[in-house]
Amino acid sequence: MYKKISVIEIESTTACNSFCPGCIRYQPIGTKPFFKEKFPDLEPGLYRNSDTRINQHISLENIRTIFESKVVNTDEVFVDLIGTAGDPIAHPKIFEILQLIKKLNSNASFNIHTNAGLRTPKLFAQIGDFFKSTNTRYMFKFSIDGLEDTNHIYRRGVSWKKIIENAKAFIDAGGEATWQFIEFPWNRHQIKEAEQLARSMGFVGFEHRRGWVTDEEAYEQVESTNFGIFNKEIKKVDINEPVPDSLYIKDDCFSKEGIFINPDGTVHPCCMFNAEFANPGESRRQLEVLYKNFKNNLNENTLDEIMSENFWLLLKNTLTDKPCDTCHRMCGVYEKDGKRWVNENIKAELVL
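Keep in mind the model is a prediction, meaning the values are calculated, not measured.

### Concerning the sheet that holds strand S8 (residues 205-210)
Phase 1: The sheet built from 8 strands is open, its strands ordered S8-S7-S6-S5-S4-S1-S11-S12 with mixed pairing. Edge positions in the open sheet fall to S8 and strand S12 (267-268), since each of these has one partner strand only.
Phase 2: Note: strand S1 (residues 7-10) against strand S4 (residues 78-81), 4 bridges, orientation parallel. Within S4, the position partnered with Ile10 by the bridge is Leu81.
Phase 3: Strands in contact with helix H4 (residues 121-133) are strand S5 (109-114) and strand S6 (138-143); relative to S6, the strand with the most contacts, it is inclined by about 155 degrees.
Phase 4: Here helix H6 (residues 160-172) sits on the sheet in contact with S6 and strand S7 (177-183), set at roughly 160 degrees to S6.

### Let's talk about the packing of helix H2 (residues 60-67) against helix H3 (residues 94-104)
Phase 1: One way to put it is that H2 packs onto H3 with a least axis distance of 10 Å and a crossing angle of 20 degrees. Regarding the angle of H2 to H3, the classification is roughly parallel. At the point where H2 passes H3, the crossing takes the right-handed sense. Contacts between H2 and H3 involve Leu60, Ile63, Arg64 and Phe67 on the former and, on the latter, Glu96, Ile97, Leu100, Ile101 and Leu104.
Phase 2: Tallied by class, the residues present in the contact of H2 with H3 amount to 7 nonpolar, no polar and 2 charged.

### Remarks on the packing of aromatic side chains
Phase 1: Applying the stated rule across the entire model yields 29 aromatic pairs.
Phase 2: When the ring of Trp186 is compared with that of Tyr219, the centres are 5.5 Å apart and the planes differ by 65 degrees; the resulting orientation is edge-to-face. Of this pair, Trp186 sits in the loop between S7 and helix H7 (191-201) while Tyr219 sits in helix H8 (residues 215-226), placing them 33 residues apart in sequence.
Phase 3: Judged by relative accessible area, which is 9%, Trp186 ranks as buried.
Phase 4: Judged by its relative accessible area of 45%, Tyr219 is partly exposed.
Phase 5: When the centroid spacing of 5.9 Å and the interplanar angle of 90 degrees are considered together, the rings of Phe294 and Trp312 count as edge-to-face. One end of the pair, Phe294, is in the loop between helix H10 (282-290) and helix H11 (303-307); the other, Trp312, is in helix H12 (residues 311-321), with 18 residues separating them in the sequence. Trp312 matches Phe294 in its accessibility class, with the two residues each being buried.
Phase 6: The structure contains a cluster of three or more aromatic residues connected by ring pairs, namely Phe124, Phe140, Phe142, Trp160, Phe170, Trp179, Phe181, Phe203 and Phe206.

### Considerations on the pattern of salt bridges
Phase 1: Scanning the model with the defined rule gives 18 salt bridges in all.
Phase 2: Asp51 serves as the salt-bridge partner of Lys235, at 3.0 Å between the closest nitrogen and oxygen. Placement of the pair is Lys235 in the loop between strand S9 (229-234) and strand S10 (248-249) and Asp51 in the loop between strand S3 (45-49) and H2, with a sequence separation of 184 residues.
Phase 3: We note a salt bridge from Asp172 to Lys168, for which the minimum N-O separation is 2.8 Å. Highlighted residues: Asp172 and Lys168, both in helix H6, separated by 4 residues, approximately one helical turn.

Calculation notes
Residues numbered from 1 in each chain as written. Predicted model: local features only at pLDDT ≥ 70, side-chain atom pairs only at ≥ 80, totals over all residues. Heavy atoms only, no water. Pairing = 2+ DSSP bridges. Helix = DSSP H or I, 4+ residues; strand = E, 2+ residues; numbered from the N terminus. Contact = heavy atoms within 4.5 Å. Axes fitted to C-alpha atoms, helices over the stretch in contact; angles between N-to-C directions. Parallel < 35°, antiparallel > 145°, perpendicular 65-115°, else oblique. Left-handed = near helix turned anticlockwise from the far one by under 90°. Nonpolar A, V, L, I, M, F, W, Y, C, P; charged D, E, K, R; others polar. Phe/Tyr/Trp six-rings, centres within 6.5 Å; stacked < 30°, edge-to-face > 60°. Buried < 20%, exposed > 50% of the residue type's maximum accessible area, 1.4 Å probe, protein only. Salt bridge = Lys/Arg side-chain N within 4 Å of Asp/Glu carboxyl O.

The following block contains the structure:
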């Protein structure tokens, strides 16, 4: 269904140093009656999601399989090392991954996200120098949501001192860094100050965006971490409300010829499809039907074989015939007050 794959999102690992309460790794339990009803035997706190397999790392063999495939665009491919369940820098061989991708596809460009509170300044300097010396097109985003007194409120367990040390090492080595700031009610007064600090440190860019939940929901999430972070695994509760039908789907898979790779080697159309398998509810049940008989594991099949599966035709047909809830929620175009928006939940993008 794709002429060539031009965008590859890779979740390189599900390991992470942080305990962000909104992550699919966790189920936050607060003090509202709702939580007592759903989890009557558990005290408030942050618990592990039993449907998210943590500390998985994609193998170098899988990386080689991907970038040696005929279906991958050799003229230009965008590699997005994202973190839906882990931090890319937590992969023990992240530098070798970058080297291997560049070796197999010299035209690859990169986008990397990190909370920057892990590993060492030496590694960050090594990565900064690698991008500079290989003349690679890239963006390296430091996800820092506030300043020293606020970043840790959501990004639990992340050391501010380590962030600054790693950012300085990356920039001093010639790396071009972007500060990505997610706005929450407790940090929005610091946006300008954070941007000024970013400029003074040598960041080349500063991106600010709103959080994906309401202020009340944000406070409910972080409240759970105040009661403790527990290693106990529990099933997440389905909190998704019924999804209204959108006008049409403005997809990010077929239109951009993009795929998502999980650390276990499974291939998906996007990160949102992959994330649904860590959540209970109707959205997940719909995808389980769609995925039936889909042979999508790189440890068992080549990427060329996976991309020739009938799954892709079935998916493409659903986008116009009967989109699933996930496609409506994340890529559906909705109209409100005479304006059209992509993404019913967060109004992420205005359609002009």
